[in-house]
Protein chains: 2
Amino acid sequence: MRTVHEVSAMTGVSIRTLQYYDNIGLLHPAGHTESGYRLYDDASLERLQQILLFRELEFPLKDIREIIDSPDFDRGRALEQQIALLKLKKEHIENLIDLAQGLKAMGVKHLMDFEPFDTSRMDEYAAQAKASWGKTPEYREYEEKAKGRTQAENAALHNAMMGIFAEMGEIRHEDPSGPQAQDLVRKLQAFISEHLYTCSDDVLYGLGLMHAGGGDFTQGIDRCGGDGTAEFAYQAIRAYCGK
Amino acid sequence: MRTVHEVSAMTGVSIRTLQYYDNIGLLHPAGHTESGYRLYDDASLERLQQILLFRELEFPLKDIREIIDSPDFDRGRALEQQIALLKLKKEHIENLIDLAQGLKAMGVKHLMDFEPFDTSRMDEYAAQAKASWGKTPEYREYEEKAKGRTQAENAALHNAMMGIFAEMGEIRHEDPSGPQAQDLVRKLQAFISEHLYTCSDDVLYGLGLMHAGGGDFTQGIDRCGGDGTAEFAYQAIRAYCGK
DNA sequence: GATACGCCATGACGCAGCGTCAGAGTCAAG
DNA sequence: CTTGACTCTGACGCTGCGTCATGGCGTATC
C-alpha cells in the first residue's frame, strides 16, 4: 500500500492529479487510512498505468474510463479512430506550417502595409483560372473565401502554395510516382482543401492539366522550383489520381 | 458599419466570439448604436482578419493582441517560434501515431491479459543491450522509465519501433542517405528520445553499430523489414550522423 | 506537553476559447 | 399592438489539471 506521495514519485503523476482522478471516478485508491489518506495497491497501480498509456495517446479521460471499465470494449476500433484523429491533426499542423512559412517568406514587414509582391501576376493567375475552370462550384467557393480575406493573406496563401511547388522542384529529377512526390501531392491537396476550396481528385487533376499547359502557370511554377517543376508536378498529380 | 450578424456571416466567426473579443479587448467595434448594438467598420474588419490569420496559426489570443497592437513587434521571430512550436507538435503526434499503431498491431485483445509476443526474445534484447552499452547513463534512464511501465506497454513500444524498421525495410533498396531514409532515422531518434531514453546522435550511432553487428538484433530487424534492413538502417544512421 | 515541520485532505478559483442558456431590451413588419 | 428576429449582458459549462487557502495528521525536537 502506497501513499499519494509514493505513487506520484513512481509514476510522475502529480498528487493533485491523483486526487482529481479519484474525484472523477477514474481511479479510486484501494483504501484509506483512518485519517482518510489515500492508499494504492498493485491493482490500482496497474490501472493507473493503463490510464497513463491511453492518456499519452490523447484519449479524453472520459473515454479512458469507458475503455478500461468495460472489458468488452472494442479497443482496436478505438485505437484506429484515435490514429485517424491523430493523422488528421498532423495534416492540419503540416498545413499550418506551410502557411506560416509562406507568411514568413513574403517578408512579414509588408504584412500590414502590403503592396509589393507583384499583385498583377496574381490577377493574371486569377483571370486564367477563371477562363480555365470558369464557374465551377469550386471556383465560386474560392471566390467566396477569397473575398473574406485581405490581400496580404491571399498572398501568403499563394506564397505557401509556391513553397510546396518549390519542394517539388527539389525532387523533380526523381520519380513523380515515388512516395516523396506523392506525399507532396497529398500535401498540396490538403492545403488547397483547407485554405482555398474543396479539392477533390478530379479538381486536383484539372489543376495538374492547367499547370502543365505551358501558360503563365507553368512559368510561374518553374520560376519557383526550377525548370521542369510544373511538368513534374503534373506527372505526380497524374500518378496520384491514377490516370 | 456592420452589425455582429453581418460580420459573423462574412467572416464565419460566431457572434459570441465577437462579443468575447470585445470583452477581452482584442477587437473593439468601431462604435455602438444608441441602444448599444456593436457596429464594425472597415478598419475593425481588417483587424479581425489579422486576428483570424494569427489565430489559424494557433497563436494564443493574448499574443495576437500584442503582435497586432505593437507595430514594432518582431513578427518574423514570432512566426519562426510558432513554426518551431508547430513542428514540435507535429513530431510529437507522429510519435503518438507510431505508438498507437504499435499497440494496435500487437493485438489489443492481449493488452490486459498479456502473455504472448515472445517475451523471451525481448529479454535477449535487453541482455544484449546491457552487454553492449553497459551502464551508460542512457541505459539507466531506460531502466528507470521501463520499470514504470507495464509489460504490455513495453511490448507496444518495442512493436512500434519495429514498425519504423519495417518502414525502412520498404525502402531498403534505395539510397540510405536519401531524404526518405533520413526522415525515418529522424523519426526513430525522436521516438526513442520521447519514449525510451535521450537519444543523442552519438547514442543513435551506437545503436546503428549494434543493429549491424550480426547478432540477434540484426536478425530481429531483418525478420521485420526483410533481409538487409538492418544493414540499410545502419547505413542510414551513419549518413545521418555524418560519419 | 508544546512546538515546529512535513504530508495529507477538501474546496474554490483560474487558465483558453469560446458554446449555451437565461432574461431582457430593440427594431421593423404585419 | 403583437410577433418574431436580432441584440445585449451575465453566468455557467467544458478539459485537465495547477495553485492557493485552510485545516487535520504524524513524527521529531525542545
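Note that the structure is predicted; figures quoted are calculated from it, not measured. (Residues numbered from 1 in each chain as written. Chains lettered and ligands numbered in written order. Predicted model: local features only at pLDDT ≥ 70, side-chain atom pairs only at ≥ 80, totals over all residues. Heavy atoms only, no water.)

The next thing to look at is the protein's contact with DNA strand D. The immediate surroundings of DNA strand D are formed by 20 residues, with Ser14, Arg16 and Tyr37 of chain A together with His5 and Arg38 of chain B found nearest. The side chain of Arg16 of chain B places a nitrogen or oxygen atom 3.3 Å from a base nitrogen of DNA strand D. Of all the secondary-structure elements, those providing two or more residues to the surface near DNA strand D are helix H2 (15-23) and helix H4 (61-69) of chain A together with helix H1 (4-11) and helix H2 (15-23) of chain B. Considering every element that reaches the surface near DNA strand D, the biggest residue donor is H2 of chain A, with four residues. Looking at the surface near DNA strand D residue by residue, the class counts come to eight nonpolar, seven polar and five charged. (Near = heavy atom within 4 Å. Polar contact = N/O pair within 3.5 Å; in protein donor to acceptor, adjacent residues only side chain to side chain. Helix = DSSP H or I, 4+ residues; strand = E, 2+ residues; numbered from the N terminus. Nonpolar A, V, L, I, M, F, W, Y, C, P; charged D, E, K, R; others polar.)

Before going further, it helps to spend a moment on the packing of helix H10 (residues 201-212) of chain B against helix H11 (residues 216-225) of chain B. Residues and elements named next belong to chain B. Contact geometry of H10 with H11 gives a least axis separation of 6 Å together with a crossing angle of 85°. Compared by their axis directions, H10 and H11 come out roughly perpendicular. The segment H10 lies against H11, with Met210, His211 and Ala212 engaging Phe217, Thr218 and Ile221. Grouping the constituent residues of the contact of H10 with H11 by class yields four nonpolar, two polar and no charged. (Axes fitted to C-alpha atoms, helices over the stretch in contact; angles between N-to-C directions. Parallel < 35°, antiparallel > 145°, perpendicular 65-115°, else oblique. Contact = heavy atoms within 4.5 Å.)

Here we come to the domain arrangement of chain A. Residues and elements named next belong to chain A. Once the domains are mapped, chain A shows domain 1 (2-69) and domain 2 (75-240). On the side of domain 2, six residues touch domain 1, which itself brings five residues to the contact. Buried surface at the junction of domain 1 and domain 2, both sides included, amounts to about 540 Å², of which 58% is carbon and sulfur. Between domain 1 and domain 2 we count one salt bridge in total. Here domain 1 and domain 2 share four residue pairs in polar contact (both at pLDDT 80 or more) between them. Residues of the side of domain 1 that touches domain 2, tallied by class, amount to four nonpolar, no polar and one charged. (Domains from an automatic or database assignment. Buried area = accessible area lost by both parts, 1.4 Å probe. Salt bridge = Lys/Arg side-chain N within 4 Å of Asp/Glu carboxyl O.)

Mapping chain B onto chain A leaves a residual RMSD of 0.1 Å; the transformation is a rotation of 180° accompanied by 0.1 Å of translation along its axis. Interpreted geometrically, this transformation is the action of a two-fold axis. No C-alpha of chain B approaches the rotation axis more nearly than that of Lys90 of chain B, which lies at 2.9 Å. A share of 97% of interface residues in chain B that are also interface residues in chain A marks the association as one of identical surfaces. (Least-squares fit on C-alpha atoms with pLDDT ≥ 70 in both.)

Here we take up the interface of chain B and chain A. Taken together, the 37 residues of chain B in the interface contact 36 residues of chain A. Between chain B and chain A the total buried area reaches about 3900 Å² when both faces are included, carbon and sulfur atoms providing 73% of it. The tally of links from chain B across to chain A stands at two salt bridges. There are two residue pairs in polar contact (both at pLDDT 80 or more) connecting chain B and chain A. Residue assignment for the side of chain B that touches chain A shows that the elements contributing at least two residues are helix H3 (42-56), helix H5 (75-105) and helix H9 (179-195) of chain B. When residues in the side of chain B that touches chain A are grouped by element, the largest group, 19 residues, is from H5 of chain B.

Take the protein's contact with DNA strand C next. The environment of DNA strand C is formed by 20 residues, the closest being Arg38 of chain A together with Ser14, Arg16, Thr17 and Tyr21 of chain B. Of all atoms in DNA strand C that approach within 4 Å of the protein, 77% are sugar or phosphate atoms. Contact between DNA strand C and Arg16 of chain A: a base nitrogen at 3.4 Å from a side-chain N or O atom of the residue. One of the side-chain N or O atoms of Lys62 of chain B is found 3.4 Å from a phosphate oxygen in DNA strand C. Take the surface near DNA strand C: its biggest share by element is four residues, from H2 of chain B.

This part takes up the packing of aromatic side chains. Residue and element names in this part refer to chain A. On inspection of all chains with the given rule, the structure shows six aromatic pairs over all chains. Ring centres 5.4 Å apart and planes at 85° place the aromatic pair Phe54 and Phe59 in the edge-to-face group. In this structure, Phe54 and Phe59 share a single accessibility class: buried. (Phe/Tyr/Trp six-rings, centres within 6.5 Å; stacked < 30°, edge-to-face > 60°. Buried < 20%, exposed > 50% of the residue type's maximum accessible area, 1.4 Å probe, protein only.)

Turning to the pattern of salt bridges, a few remarks are in order. All names here are of chain B. Scanning the model with the defined rule gives 20 salt bridges over all chains in all. A salt bridge links Arg47 to Asp69; the shortest N-O distance between them is 3.0 Å. One end of the pair, Arg47, is in helix H3; the other, Asp69, is in helix H4 (residues 61-69), with 22 residues separating them in the sequence. Between Arg77 and Asp74 there is a salt bridge whose closest N-O contact spans 3.8 Å.

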